[in-house]
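Chains, contacts and geometry: an overview
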Amino acid sequence: MVSGGGLQGYLVAAGLAGVVGTSRERSLRSYRLFAARDPRALIGIDPQGGWGEAELIRLMAAKCGVSDDPRCVSGHDVIDPDLTVLGLDAFAERVGEVARRRAPVLFGTGHPHRLIGFYAGLADALSAAGCEVLTPAQGHCVDITTRFGLRTCSLDYVRGVGFVREVGRERPGCAPGAHTHSPLPVRVALDVAARGGGPLPELVVGDHGWVCGAGQLGFEAIGLADTDDPALFVGEAEGVVSVAVPVDDGVRSDCYTPLTRYVLNRACLSQ
């Protein structure tokens, strides 16, 4: 078990915080797109504030620890590990609260090849605590616009974690699931759950459009976000997202296992 005091060191050693793989150029491009209200960067958030590029840089410096100097335009971004731990503590508090209420939860990720294991560990623990882990709209088709054009995907769940697969495009031996920032999967899932009269989640846990899309619809939502994901941090600043944890979301999947254990320990859900 990695304790709070030792977690910062682990985060830096694993590349989850400290100097991360996300480039400054990529993050700045996302801030520019968000400032221009490009849906690719908004990923389901309808921001109320002006949020120009300079304001976004200041926000991301405060929330993540990236450089607040607009003249810094190249190199790798930096995440302050202390901010990651603070985020994980707040994240764990929300997980613990929903467990105590035995309330229904919904998990979903736009990074299935990286983050399913992180969320699945939480889903297993919440299920064991008496929470219903929801899997609405399994098998439903979702048309998602990508840089390669319109792609038809199907909504699927593995160990209670939602994600999308590109219909007819997955090959044997490839990691299952498609990377997406789109809020459409969670909108479809929530719509089907509502129309079916089944339970609705009291907490949505995930990343990208799963968190932003659910939060914008009024559901409590928490998740992980990289330095090029300003939407979650804007959502948190405006009260649409409950918790956004700054962390590199592109490292090896096994590197997130200690984070799952840390959250479960903080939420008093350790097995």
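Please refer to the structure placed before this passage.
Structure report, in brief. The structure displayed is predicted, hence computed values, not measured ones.

**Comments concerning the overall build of the protein**
- For the protein, the count of helices and strands is 10 helices and nine strands.
- Relative to its length of 271 residues, the protein is compact, with a C-alpha radius of gyration of 17 Å against a globular reference of 18 Å.
- For the C-alpha atoms alone, the extent of the protein along its principal axes is close to 50 × 45 × 40 Å.
- In the protein, which comprises 271 residues, the share counted as buried stands at 53%.

**Section: the packing of aromatic side chains**
- Inspection of every chain in the model, using the stated rule, returns two aromatic pairs.
- When the ring of F91 is compared with that of F118, the centres are 6.0 Å apart and the planes differ by 45°; the resulting orientation is tilted. Separated by 27 residues along the polypeptide, F91 in helix α5 (residues 81-101) and F118 in helix α6 (residues 112-128) bring together distant segments of the chain. Like F118, F91 is buried.
- Between F118 and Y119, the aromatic rings sit 5.1 Å apart at their centres with planes inclined by 70°, giving edge-to-face as the arrangement.
- Residue classification places Y119 among the buried residues on the basis of a relative accessible area of 0%.
- A network of ring pairs unites the aromatic residues F91, F118 and Y119 as a single cluster.

**So, the nonpolar core**
- Formed by 45 residues in total, the largest nonpolar core has its most connected members in F91, F107, F118 and L126.
- At nine residues, α6 tops the list of elements feeding residues into this core.
- The contacts of F91, once residues within four sequence positions are left out, are F118, L122, V205, I222, G223, V243, V245 and V263.
- Among the nonpolar cores identified, the runner-up in size contains 44 residues, and I43, L190, V234 and A244 belong to it.

**Here we look at unusual backbone geometry**
- Positive phi, close to 40°, is recorded for I43, a residue that is not glycine.
- By the secondary structure assignment, I43 is in the loop between α3 (39-42) and α4 (53-63).
- Within the chain, W51 stands out as a residue other than glycine whose phi angle is a positive 45°.
- Within the secondary structure layout, W51 lies in the loop between α3 and α4.

**A word on helix α2 (residues 24-35)**
- Across its 12 residues, α2 extends 16 Å between first and last C-alpha, which sits within 8% of the 16 Å expected from 1.5 Å per residue.
- Buried within α2 are the following residues: R24, S27, L28, S30, Y31, L33 and F34.
- Summarising the contacts, the buried residues of α2 are in contact with β1 (18-23), α3, α4, β2 (76-79) and α9 (230-237).
- Directly after α2, the chain includes R37, whose backbone phi takes a positive value near 60°.

**Observations regarding the pattern of salt bridges**
- Within the structure shown, the criterion is met by 15 salt bridges.
- Note that R252 is salt-bridged to D254, the shortest N-O span being 3.0 Å.
- According to the relative accessible area criterion, D254 is partly exposed, its value standing at 42%.

**A word on the layout of surface pockets**
- Estimates place the volume of the second largest pocket at around 180 Å³.
- Forming the walls of the second largest pocket are 16 residues, and the residues nearest its centre are R26, H111, D226, D249 and G250.
- Contributing elements (two or more residues each) for the lining of the second largest pocket: β1 and α6.
- Looking at the lining of the second largest pocket element by element, the count peaks at three residues for β1.
- The class makeup of the residues in the lining of the second largest pocket is no nonpolar, nine polar and seven charged.

Each value, and the rule that gives it
- Residues numbered from 1 in each chain as written.
- Predicted model: local features only at pLDDT ≥ 70, side-chain atom pairs only at ≥ 80, totals over all residues.
- Heavy atoms only, no water.
- Helix = DSSP H or I, 4+ residues; strand = E, 2+ residues; numbered from the N terminus.
- Rg over C-alpha atoms; globule rule 2.2 N^0.38 Å.
- Buried < 20%, exposed > 50% of the residue type's maximum accessible area, 1.4 Å probe, protein only.
- Phe/Tyr/Trp six-rings, centres within 6.5 Å; stacked < 30°, edge-to-face > 60°.
- Core = buried A, V, L, I, M, F, W, Y, C linked by side-chain atoms within 4.5 Å.
- Contact = heavy atoms within 4.5 Å.
- Expected span 1.5 Å × (residues − 1).
- Salt bridge = Lys/Arg side-chain N within 4 Å of Asp/Glu carboxyl O.
- 1 Å grid on protein atoms, 1.4 Å probe; cavity = no way out; pocket = protein on both sides within 12 Å on 5 of 7 lines; lining within 4 Å.
- Points joined across faces, edges and corners; volume = space filled by probe spheres on them.
- Nonpolar A, V, L, I, M, F, W, Y, C, P; charged D, E, K, R; others polar.

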